[in-house]
Amino acid sequence: LPLLLKAYQAGLETGNFQYAGYALLKRSHYLYWASDNLSNLKLEMAATKPVDVGWRVGVGSRGGEKVFKIVDIFVNGLSMSQVQEKEFNSVIRNNGNSVESLLEKMREMAKPAG
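All figures in this text were calculated on a predicted structure; none of them were measured in a lab.

Enquirer: Looking at this structure, how should I read the pairing of strand 1 (residues 53–62)?
Expert: The side chains of a regular strand alternate between the sheet's two faces. In this sheet, strand 2 (residues 65–75) lies alongside strand 1 in antiparallel orientation, the contact comprising ten bridges. From the neighbouring strand, Val-57 faces strand 2, where its bridge partner is Ile-70. The loop that links strand 1 with its antiparallel partner strand 2 comprises two residues; one of these, Gly-63, has a positive phi angle of about 65 degrees.

Enquirer: When you look at the sheet that holds strand 1 in this model, what are you seeing that I'm missing?
Expert: As a general point, the strands of a sheet are linked pairwise by backbone hydrogen bonds and lie either parallel or antiparallel. In space, the three strands of this open sheet follow the order 1-2-3, with antiparallel pairing throughout. Here the strands that pair on one side only, and so sit at the sheet edges, are strand 1 and strand 3 (78–79). Running over the sheet, helix 2 (residues 17–33) touches strand 1, strand 2 and strand 3 and is turned about 170 degrees from strand 2.

Enquirer: When you look at the packing of helix 4 (residues 80–93) against helix 5 (residues 99–110) in this model, what are you seeing that I'm missing?
Expert: Two measures define how a pair of helices packs: the angle their axes make with one another and the distance between the axes. Closest axis-to-axis distance for the helix 4/helix 5 pair is 7 Å, and the angle between their directions is 120 degrees. Here helix 4 runs over helix 5; the crossing is right-handed. Contacts between helix 4 and helix 5 pair Phe-88, Val-91 and Ile-92 from the former with Val-99, Ser-101, Leu-102, Lys-105 and Met-106 from the latter. Partitioned by chemical class, the residues of the contact of helix 4 with helix 5 number six nonpolar, one polar and one charged.

Parameters at a glance
Counting starts from 1 at the beginning of each chain's written sequence and moves along it residue by residue. With pLDDT at 70 or above as the cut-off, local features in this predicted model cover only qualifying residues; side-chain atom pairs require 80 or more to be listed or tallied, and sums for whole chains, interfaces and linings still use all residues. With hydrogens and water excluded, all non-hydrogen atoms of the structure serve as input to the side-chain values. We call two strands paired when DSSP finds no fewer than two bridges between them. Comment: elements are numbered from the N terminus, with helices defined as DSSP H or I runs of at least four residues and strands as E runs of at least two. In this description, contact between two residues means that some pair of their heavy atoms is separated by no more than 4.5 Å. For helices, the axis comes from a line fit to the C-alpha atoms of the stretch in contact; other axes are also lines fit to C-alpha atoms, and the angle between any two N-to-C directions lies between 0 and 180 degrees. Should the near helix be turned anticlockwise from the far one by less than a right angle, the crossing is left-handed, and should it be turned clockwise, the crossing is right-handed. Gly is put with the polar residues, along with every residue not named as nonpolar or charged; the nonpolar set is Ala, Val, Leu, Ile, Met, Phe, Trp, Tyr, Cys and Pro, and the charged set is Asp, Glu, Lys and Arg.

Given below as structure tokens:
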């Protein structure tokens, strides 16, 4: 998890808000599934370079109980779900409108480094 915080900071320092937002999204998902309080994440982010971060939250269920789920994260006004959708569409479009090309790329990215 410290690497995700470093990735977030690197994205902010280089102006790559998409990268920063992606790292923040992954960290938020981890904290959610670990049942951590998301206000802790906001405090962590506040300790770094200032950036406008917000969450869109929906209601779901886990173990038969109603829970709140993060559906989108906004970094400096950019919706990370919309950015990700545009990336997916670009990969599909640049590979002959093949959804399989997107799946291949996602499998490749999911492989452990090394």
